[in-house]
Structure formats: C-alpha cells, structure tokens
Amino acid sequence: MSAVLLKILQLIVALSVLILVHEAGHFSFAKLFKIRVDKFFLFFDIGGKAMLSTKHGWFAKLFPRFMDKETEYGIGWLPLGGYCKIAGMVDESMDTESLKGEPQPWEFRTKKAWQRLLVMAGGVLYNFIFAILLYIAALQIWGTSYISNEENRIFAGELAREMGFRTGDRILALDDYIPTDFSSIQADIARRNVSVATVERDGDTVQVYIDHSYMPRLISERDVFDLAVPFVVDTIPPASPNYGAGYRKGDHIIAVDSLIITYLQDSRGIFSGKPNSELTATVVRGADTLMLPIRTDSTSRALIYAHIPGIYTKEYGFFESIPAGVELTFSTIGSYLRDIKMVMSPSTGAYKSVGSFITIADAMPSSWNWQIFVHLLGLLSIMLGVMNLLPIPALDGGHIVFVIYEMITGRKPSDKFMEVAQMIGMVLILALMLFACGNDIGRLIR
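Residues numbered from 1 in each chain as written. Predicted model: local features only at pLDDT ≥ 70, side-chain atom pairs only at ≥ 80, totals over all residues. Heavy atoms only, no water.

Q: Please clarify how empty space enclosed by the protein should be interpreted in this entry.
A: One pass over the full model with this rule turns up one cavity of 30 Å³ or more. Space inside the largest cavity adds up to approximately 210 Å³. Lining the largest cavity are 16 residues; nearest its centre among them are Phe108, Arg116, Lys412, Asp415 and Met418. Breaking the lining of the largest cavity down by element, the ones donating at least two residues are helix H3 (113-142), helix H11 (396-409) and helix H12 (415-445). Take the lining of the largest cavity: its biggest share by element is four residues, from H11. (1 Å grid on protein atoms, 1.4 Å probe; cavity = no way out; pocket = protein on both sides within 12 Å on 5 of 7 lines; lining within 4 Å. Points joined across faces, edges and corners; volume = space filled by probe spheres on them. Helix = DSSP H or I, 4+ residues; strand = E, 2+ residues; numbered from the N terminus.)

Q: In this structure, what is going on with a nonpolar patch on the surface? I would like to understand it.
A: On the surface, a nonpolar cluster with roughly 520 Å² of combined accessible area is contributed by Phe318, Phe319, Ile322, Val326 and Phe330. Within the secondary structure layout, Phe319 lies in helix H8 (residues 318-343). (Patch = residues over 30% accessible without salt bridge, like charges linked within 9 Å, V, L, I, M, F, W, Y side chains within 5 Å. Areas by Shrake-Rupley, 256 points an atom, 1.4 Å probe, with all protein chains shown as cover. Salt bridge = Lys/Arg side-chain N within 4 Å of Asp/Glu carboxyl O.)

Q: I keep staring at the nonpolar core and nothing clicks. Help me out?
A: What tends to happen in soluble globular proteins is that the nonpolar side chains get buried as a cluster. Within the largest apolar cluster, 44 residues are counted, with the highest numbers of intra-cluster contacts made by Phe165, Ile189, Tyr247, Ile253 and Ile294. When sequence neighbours within four positions are dropped, the list of residues in contact with Ile294 reads Asn242, Tyr247, Ile253, Val256, Phe271, Ser277, Glu278, Leu279, Thr280, Ala281, Ala302 and Ile304. In terms of nonpolar packing, the next biggest core, distinct from the first, is built from 14 residues, Phe33, Val37, Cys84 and Val119 among them. (Core = buried A, V, L, I, M, F, W, Y, C linked by side-chain atoms within 4.5 Å. Buried < 20%, exposed > 50% of the residue type's maximum accessible area, 1.4 Å probe, protein only. Contact = heavy atoms within 4.5 Å.)

Q: Looking at this model, I keep getting lost on H11. Mind explaining?
A: Residues spaced three or four apart along an α-helix point in a common direction, a consequence of the helix completing one turn every 3.6 residues. Here H11 spans 20 Å end to end across 14 residues, near enough to the 20 Å set by a 1.5 Å rise per residue. Three or more residues of H11 are buried, namely Asp396, Gly397, Gly398, His399, Ile400, Phe402, Val403 and Glu406. (Expected span 1.5 Å × (residues − 1).)

Q: I tried to follow the sheet that holds strand E4 (residues 78-86) on my own but got confused; where do I start?
A: Two orientations exist for strands paired in a sheet by backbone hydrogen bonds: parallel and antiparallel. Ordered in space as E2-E3-E1-E4, the four strands form an open sheet in which the pairing is mixed. Here the strands that pair on one side only, and so sit at the sheet edges, are strand E2 (50-53) and E4. Each strand of the sheet is rotated relative to its neighbour by a mean of 15°, with strand direction disregarded. Set on the sheet, helix H1 (residues 3-32) makes contact with strand E1 (37-44), strand E3 (72-76) and E4; between it and E1 the angle comes to about 170°. (Pairing = 2+ DSSP bridges. Axes fitted to C-alpha atoms, helices over the stretch in contact; angles between N-to-C directions.)

Written as structure tokens, this is what we have:
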C-alpha cells in the first residue's frame, strides 16, 4: 500500500473513531435522562441517502428486527463528521417540524437545564476521557521519550540568528518558564509569546530579547532551532561507504580535511558537492588522535550516524501511568488553547497554519506505527473536544452557553432564536472549513 493511501486510511479510521466517541457522549447522557434519540449516524446522510441504515435498504431487509428500534443507526455518504439527532432539539439537521407540536416528556426541550447541559457537554467530556485512556495506554506500553534541553545546545538556523540566538547557546529559560524538552523549544516560544530568552553562551548568561515581529516566521518555518549534535559516531550501516573503514562507536570526528567540525551540521558544507570522494577525518578516540579516511557516496553523504545526547525514556507501571496520562491530557489541552489564542491574534500569522483534513492526513505516519497513531488519536480527540467547546452556535459550546444563560437568568431562548443562531453558526463553521481547505490548497501549490 502506498504511503498516501495509508495516510488516508489512517485519517478515515481516526476521524471515524473520534466521531463515534463524541456522539456516544451525547447519546449516553440523552438515554440516561430518557430523551429519545432519533438518529445516530457516522458521517452525514444528506438528502436522506446513506451507505448503511438500520431502518432502510439492504441492512433493514437482512435484519428486520432493527427496524423496531427507537433509534436509527447508520453511516452517511458525506464524510465531514457525524451527528446524534436528539428529539426536541434544534441541531445541525435543522429539522424543526417536531418543534411545532406540543412538548413531550421524552424531548430534549422539556428536560431540566442541568440535564440538557450534560447532554450537550457529553461529547466533549467523552473526547477528553478517551484522550486520557489513550495516553494512559500509550505511557504504559511505550513509556515516554524526550530530548533533554538541559544537556543540549542549539544549532541556530537563519531565523534564530536574526532573532539574536547563536549556535552553541543553551537555553536556560523562556521568560519565567524553564523548558525541559528540547524538541518543543520553537513551539514554546510561539505559544507562550516569549519576550526574553535566557541562554548560556560561552560560559556567560545572556538575555536574548525577542522581537514579536518574528512570530509569523517562527510559526511557519521549520528547524529554526536545530539540535547541535557533536559528530560522535554511533552506528555505521552496512550500506555506508565508511562501513569497515576503522571507525568505532564513540569516535569523535573533530575535523575533515583540516576544516574544524564543532557539530555534525558543520560537516554538511564540507561534504556538499563531493560525491564519491575520499577525504581525511581527524578523530579523537579516548586519549588518542587518529587520521582516518572518510568517504562520501554518490549523493555526497558519509552515512555515519551520530550519537544524540540527552535522550531519556521513562517507563510507567499501571498505577503510575494513570496520573501521568491525566497530566499529559491537561497539558496538551493547555498547549492547544495557546495555539487557538495565537490563531485568534492576526499579528502572529498563525491563522495561515490552520489546516483541514489534508493537514491531518499529512501528520499521519507513512508506515503503520501504533505508537504514533495512538498519540495522534489522543491529540485529535483533544482538538475535537476543545473546538466543540468554542462558543459558536451549532457547536456544543454554543448550546452550552445558551443553557448556562438560561440557568443564570431563568429565561430560555426561544426556538426561533435557536434556529437563527444555529444557521449563523453553521455558516461560520462552513466558512472556517473553506478557509482551512484554502490554506491546505495554497500550501500544496507552493
């Protein structure tokens, strides 16, 4: 299976699972309070057309007993979400005919405000619980790994140098925040809108004042802060032109053809444009300094893998993984809220990074990897939950706001008001989806 098809398959599986989890939250609380649920659908059955329905078509003929069930279950043909149609509620189906009759005891609109609040919050609650369960399982099975910021230094890219950073800097603090994971440095500066970075440089402590006009580029560019890796040999694969050339694990390559190499990245410029060549490397091995040949392949690469310092892996027992999973979920929610705040601030340019299904599919691994998939599924579940909490009519957050307003004021919004608000919300959501798709298409063109 090609990488593209596998990414698409993972996207479909992930979104289907998350939609079912979210709608199950609404469904379970509705059933708890004895509210009738007319439909429970994965994807949308626009025009009444569905790939599967328990009350129509081939499934109903094969399993006629399901036709007597109160709820119609099915799979629609438009894969843009899913829905749980709750009786007596204005929702995305915009079916208002049932609201014209007398309110019934099994309808959403006749239930107490706190019950309706739980029904509306059920989807988000299930998304967060699902993320916690995924993270608990991931931590227990695979543990967690990170690159220690305390033990590493940056190899400054062009933008980092413009901002005032230098290769070899060790970042001590970002404002009052002390980062621990090197790989999150760039995201931390953007998310936290950092003003001052404190770094260790050549034995001194230096403060780098960050001009916020760099934020749009910091968000959009990659590898602004690369890991400064000493050229210390870790492994040499059999396909390498240097396999069997006399190198040992732990050898420190400090120069090639008398050109000093402080970090692995320095070697790229030396090897560039020299395919199938033999050069001379200065190698420190213990107390000895050796001169060894170092060869490049047809693409000007030496294919010597360097040792990455400061990688830590922590394993979790069952009882340890539970609080760690909860903590990881809430820290991820906090990070995503900071991302939304950046998107809402035009000066950061973060709105340009908003993506649609194309962006999500691109984030999926090119080969099946359960560890990456489970972590992405947890992140997407959190994103779906947080997005649904936004106070936009047609989203759960909009309905929650109206119910809270009713609980505070004692006045319930009219059905007509809810219809108009739902329509406005759907237009806003459609506009956001078109904007996200436009961003993705623009990135593909570029």
